[in-house]
Each structure stands twice: as C-alpha cells, then as structure tokens.
Amino acid sequence: MQKITFMNFKGGVGKTTSVCTMAEMLGQVGYNVLIIDLDPQSNTSRVFGIQDDIEELNYEHLFLEKQNSKAEIERFILSTEYKNVYMLPSSESLCDIIYKIYDKTKEPVNNTDERPELIFEKNLRLIENDFDYIFLDTSPFKTYLSYCSILASDKVVTPISLDNFSYEGVHKLINLIVDLNMQFQKNVEFGGVFLTKVKSKSSNLYTEMNSSYEQELDEAFIPIAIRDLIAVAEANTVFQPLFSYNKKCAALNDYIELMNYLDMLDNKHYKLLKKLLVGKSTTKKQK
Ligand SMILES: Nc1ncnc2c1ncn2[C@@H]1O[C@H](COP(=O)(O)OP(=O)(O)O)[C@@H](O)[C@H]1O
Ligand SMILES: [Mg+2]
C-alpha cells in the first residue's frame, strides 16, 4: 500500500490529469485505488462521475474528529463506474474546513501526536489496508489541507509543466516537507518532480530544461516526461479519464513508464497495461 500526494503550488501543471490517468490504469489491471480529492474545484471528482450532490460528506468528521472504527471512514468512500477506483470526493465545503483546522491548531495539546494536522492521517490509517494505492489530489494553494495531505502520505510527487517551471517552487515544497517531518516526527518522502505537457521530446527547450532540472534536483528529478497531446486536453474537457477516452493516446504510455519508474507496477502488471494500449510494444524498458 502506498499513499501518494500530488502537489505543486501552481495550478494547471497536471496534478489532476496525473491522478486520474494513473488511478484509472491501475484499477484496470486489478489494483484497488482510492482517490482523495482535496481540491475544492472538484475536477477529479467530476472526472470519475461524482456530481455536486454529495452534501452528506462530512469533512469535520474526517479532518477534525479522530475516529475509532473503519466503518466511520468507509461510509464516505464512494465507488465509481471505473473498475477498482474509489473516491473520497471533494466539494466546496472543503474550503470551510481549512479555517476550522486552523482554529483548532490554536487550542493547546499535550503532545505533538494530538495536533489537529494529524487527525486526517490517523483516520486514513483505519482504511488504508483496503487499498493498494491512495492518491491525494490537491489544490494549488498552500493551506492546512496541504499539511494534512502531506502528513497523511508516504510520499509527495510533483508534476511540473514545461512551460511553467520554477526551481524555487520545488525547493519550497521540499523544505515544507522537511519542516513538517521535523515538527511532527514523520518520515514523508519527496518522490520527485516530473515534466508534463512536453510538446516535443526533441525540442531544444525540452533538452535544456531536462538537463538543468537534472543538475539542480539530482535524484529528485524523474527522467520521464508526459507528452502534451490533444487527447489529454479533450478527455479533461469532457470529464472522462484518459484511458477510457482514448486508448491510443501516447501519454498513457508515458504514465505507464512513470509508474514503472516510481516502482508502482510489478512486471506482470506493467506488461498487462502495455498490452491494453492500442499499438504499443510490451518490452520492459531498463531504468
Ligand atoms: N499531457 C497533457 N497534454 C495536454 N494537455 C494537458 C496535459 N496534462 C494536462 N493538460 C491540460 O492542462 C490543464 C491543467 O491540467 P490539470 O491536470 O487540471 O492541472 P492541475 O490539476 O495541476 O491544475 C488541463 O486543461 C488539462 O487538460
Ligand atoms: Mg487539479
């Protein structure tokens, strides 16, 4: 089981696209995936067919009150029409919870373990073993929800769009993770940065960006890029995950390589996924 937060304090870099595309493909080959949509814009929830009629979802219950039984969390998890993909959807009321968590941080606690930033992490632990992957999609704003999301994860992965890069943003995020780990005695890993919306892998811009990112970030740079393709934008426009929208889209292959690089797929599932794509080879690439 792995819990991964997709985070970048910039919008439009491919967080939602990455979460939706990888979750759908992992579900297709038999992994159980839970997506937690922590962006009040709810794009991810909409892609998986969850509409705005989810009033009953009580975020206070998840973020402010420590629960004791699995059933208390399970009742908020919705199944989707996509195989093995489950969802803890977002709604506009997520915005209110940010202030409520903030208010709660002002109350004195006896020890770090009781801090409100850790309640969500503890609640998530109750159900985590029912899933192979838990993906947390986040908003571009740094808030108490970002802290809760990081602290509830094993690692944070950062998509960066080629036309909107900044080392500064990445370093700030890495520093935030280091700070939170120290403050809360956690061990959340920074899983790395990957480039999205790459128009051409043979362009000068891409080659230059690739090598300067590699130099600057070293191991934190993931050498797998996601191509900029019209089918991806189209799928997002009609709120459909990419794999079911168009199995021929080469960006699917990029995402499979990314998951392989991040050790999210064993060889059997890697091959299975490659076979599901239309017109793709099935040989495993060396890292
Ligand atoms: N590989 C891609 N090719 C083409 N368009 C993309 C790609 N990835 C993302 N997009 C488009 O970029 C925009 C932002 O993507 P999104 O995943 O919503 O970013 P974020 O969640 O970081 O705000 C969307 O309109 C989406 O369709
Ligand atoms: Mg998004």
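All values reported here derive from a predicted model rather than from experimental measurement.

A. Representation of the packing of aromatic side chains. Scanning all chains against the criterion turns up 10 aromatic pairs. A centroid spacing of 5.8 Å and a plane angle of 65° characterise the contact between Y86 and F131, whose relative ring orientation is edge-to-face. You can see Y86 sitting in strand β4 (residues 85-88) and its partner F131 sitting in the loop between α6 (119-127) and β5 (133-138), a full 45 residues away along the chain. Its relative accessible area of 29% is what places Y86 among the partly exposed residues. Relative to F135, the ring of Y133 has its centre 6.0 Å away and its plane inclined at 45°; by these criteria the two rings are tilted. On the accessibility criterion, F135 (0% relative accessible area) is buried. Sitting over the face of the ring of F243, K247 holds its NZ or CZ atom 4.6 Å from the ring centroid.

B. Representation of the site of ligand 1 within the structure. Taken together, 15 residues are adjacent to ligand 1, and G12, T16, T17, R227 and N236 come closest. A distance of 3.0 Å is found between an oxygen atom of ligand 1 and a backbone nitrogen or oxygen belonging to G14. Between ligand 1 and N236, the relevant distance is 2.7 Å, taken from an oxygen atom to a side-chain nitrogen or oxygen of the residue. Considering ligand 1 on its own, with 550 Å² of exposed area, one finds that the protein chains cover 81% of that surface. Elements with a contribution of two residues or more to the shell around ligand 1: α1 (15-28) and α10 (230-237). Classifying every residue of the shell around ligand 1 by side-chain character gives 5 nonpolar, 6 polar and 4 charged.

What counts and what doesn't
Residues numbered from 1 in each chain as written. Chains lettered and ligands numbered in written order. Predicted model: local features only at pLDDT ≥ 70, side-chain atom pairs only at ≥ 80, totals over all residues. Heavy atoms only, no water. Phe/Tyr/Trp six-rings, centres within 6.5 Å; stacked < 30°, edge-to-face > 60°. Helix = DSSP H or I, 4+ residues; strand = E, 2+ residues; numbered from the N terminus. Buried < 20%, exposed > 50% of the residue type's maximum accessible area, 1.4 Å probe, protein only. Lys NZ or Arg CZ within 6 Å of the ring centre and 35° of its normal. Near = heavy atom within 4 Å. Polar contact = N/O pair within 3.5 Å; in protein donor to acceptor, adjacent residues only side chain to side chain. Areas by Shrake-Rupley, 256 points an atom, 1.4 Å probe, with all protein chains shown as cover. Nonpolar A, V, L, I, M, F, W, Y, C, P; charged D, E, K, R; others polar.

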